[in-house]
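Fold and geometry: a report
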Amino acid sequence: MSLLGGFVADRLVAGIRGPADLESAAGKKTVARLRKIGGPALVKVVTEIEGADKERALALSRVLGTLVSMRTLPEAAAAMRQSNARGLQGLVWALSNSKAYNTNKLLDYLADDSMPRAAVLEILEAQKDRLEVRALLTRAYQAESTEKAALFRLVGEMATEDMLPELMSRLTGKDVAAKVHIMDILARFDRPEVRHALGNELSSEHKLVRQSALAALGRLGGALDIEQLCKLLLDPDINVQNRAVDVIIKQRHPDTLKYLVEVLKSDSDFARRAAVEVLNEIGDQESIKDLLSALGDDDWWVRARATDALARIGGPRVIDAVLGLGDSGGEDALYDQAVAIVAKDRKCSTSYIQRKLGIGYNKAARLVEQMESEGVVSPANHVGKREIMVPESH
């Protein structure tokens, strides 16, 4: 029957030269007979498309679309593996437009290394309204990286709120790439339970997960845990820090500065810089003064690091606040600035401190004496030079 069917299909397909041939009664009868033949007819049509001119390829592709069914799907899959570019294009068009087969069966072909997966993904995209999203999600976990991203993108386009519990439960899995894709999907749903689930991922041991959780939270509206966000400015990964800065600034939470105190105490220059970036955007002179006052009881070197970061990185409002401390009797802050200058520049003299801080000679002399008494610098030698006793600040 297959041999006879192939012979008959050869003869029928040979009579199709262009789209007009399909409109006549004879043409419609030809298509009906080809459908009855099934698989052998589909294979013959694909073979003819491979060498056809544009007009004939168009007509044969339309015929191919009528031949696709559950019965002929195995032949269509086999043809996809073996066909040239033009034949494959005709198959993709036919499978993308036919409603006569279960599109979920295509998911199984993604596991076949001999299949042109890009073509299968193109068909799935066209047929996504007919796919079962849970079957798609299951296959996404099994796919390689390129296909995984494409399948999760489809899941995201199809996901509804009914799927949120399942999606959030999958965040407990160990597949980091899958978690990243799922968080991207969850960011479409501004719900308290979604924010909570994403917030839990901020403590993940994987920096990519932390980055993705921050990015997803940044896309959501509503208030977030500002204390948790500020702690991420201390994260060892610079990309996490940078994302945290963006999200914190977007939040503009009134308690932000309170939680920046610990960050400014950090011995990490990157963390202190991140804190100052936030201050540049959301701080004002009074709030920054309050923040520096909160540092007042700490070790002088902690205060010096914080003041140095504010002075070197801060924008106009931050600089004005730091300088304003001196005008308002902030002797401790002025001393901290002097220590920061000495630690950074590795030189100390009364005239140098006077020039750097723009203060009087007597006040600069008192600051130098205080630094000597607290062991920041050594006593002056016979030529007036002092050794810097504290670590270098960059």
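We now turn to the structure provided with this report. (Residues numbered from 1 in each chain as written. Predicted model: local features only at pLDDT ≥ 70, side-chain atom pairs only at ≥ 80, totals over all residues. Heavy atoms only, no water.)

1. What about the overall build of the protein chain?
Helix and strand counts for the protein chain stand at 24 helices and zero strands. Expressed as a percentage of its 394 residues, the buried residues of the protein chain come to 51%. The contacts in the protein chain between residues at least 6 apart in sequence include a share of 66% that link residues at least 24 apart. Accessible surface, the protein chain: about 19,300 Å² in total, of which carbon and sulfur atoms supply 50%. (Helix = DSSP H or I, 4+ residues; strand = E, 2+ residues; numbered from the N terminus. Buried < 20%, exposed > 50% of the residue type's maximum accessible area, 1.4 Å probe, protein only. Contact = heavy atoms within 4.5 Å. Areas by Shrake-Rupley, 256 points an atom, 1.4 Å probe, with all protein chains shown as cover.)

2. Brief notes about the packing of helix α14 (residues 207-219) against helix α16 (residues 238-251)
The contact between α14 and α16 brings their axes to 9 Å, and the two run at 15°. In this view, α14 runs roughly parallel relative to α16, as classed from their interaxial angle. The interaxial crossing formed by α14 with α16 has left-handed handedness. Taken together, the residues of α16 that come into contact with α14 (itself represented by Lys207, Arg210, Gln211, Leu214, Ala215, Gly218 and Arg219) are Asn239, Val240, Arg243, Ala244, Val247 and Lys250. Tallied by class, residues from the contact of α14 with α16 come to five nonpolar, three polar and five charged. (Axes fitted to C-alpha atoms, helices over the stretch in contact; angles between N-to-C directions. Parallel < 35°, antiparallel > 145°, perpendicular 65-115°, else oblique. Left-handed = near helix turned anticlockwise from the far one by under 90°. Nonpolar A, V, L, I, M, F, W, Y, C, P; charged D, E, K, R; others polar.)

3. Section: the packing of aromatic side chains
Evaluated as defined, the whole model comprises one aromatic pair. It is Arg130 that lies over the ring of Tyr101; its NZ or CZ is 5.8 Å from the centre. (Phe/Tyr/Trp six-rings, centres within 6.5 Å; stacked < 30°, edge-to-face > 60°. Lys NZ or Arg CZ within 6 Å of the ring centre and 35° of its normal.)

4. A look at the layout of surface pockets
Estimated volume of the second largest pocket: approximately 210 Å³. What lines the second largest pocket is Ile49, Asp53, Lys54, Ala57, Leu58, Ser61, Arg62, Arg86, Gln89, Gly90 and Trp93. Elements that contribute at least two residues to the lining of the second largest pocket include exactly α4 (54-67) and α6 (85-97). Residue contributions to the lining of the second largest pocket peak at five residues, all from α4. (1 Å grid on protein atoms, 1.4 Å probe; cavity = no way out; pocket = protein on both sides within 12 Å on 5 of 7 lines; lining within 4 Å. Points joined across faces, edges and corners; volume = space filled by probe spheres on them.)

5. Comments concerning helix α24 (residues 361-373)
For α24, which comprises 13 residues, the first-to-last C-alpha distance of 18 Å matches the rise-based estimate of 18 Å (1.5 Å per residue) to within 8%. Among all positions in α24, only Ala364, Ala365, Leu367, Val368 and Met371 are buried. Looking straight down α24, one finds its buried side chains confined to an arc of 160°; they lie on one side. Exposed and facing more than 90 degrees away from the buried side of α24 are Asn362, Arg366, Glu369 and Ser373. A positive backbone phi angle near 80° is found at Gly375, which sits one or two residues after α24. (Expected span 1.5 Å × (residues − 1). Arc of directions from axis to C-beta.)

6. As for unusual backbone geometry
For Arg252, which is not a glycine, the phi torsion comes out positive at approximately 50°. Tracing the chain through its elements places Arg252 in the loop between α16 and α17 (256-264). Given a relative accessible area of 48%, Arg252 falls into the partly exposed group. Even without being glycine, Arg346 reaches a positive phi, approximately 60°. Its place among the elements puts Arg346 in the loop between α22 (331-345) and α23 (350-357). Under the relative-accessibility criterion, Arg346 is labelled partly exposed at 32%.

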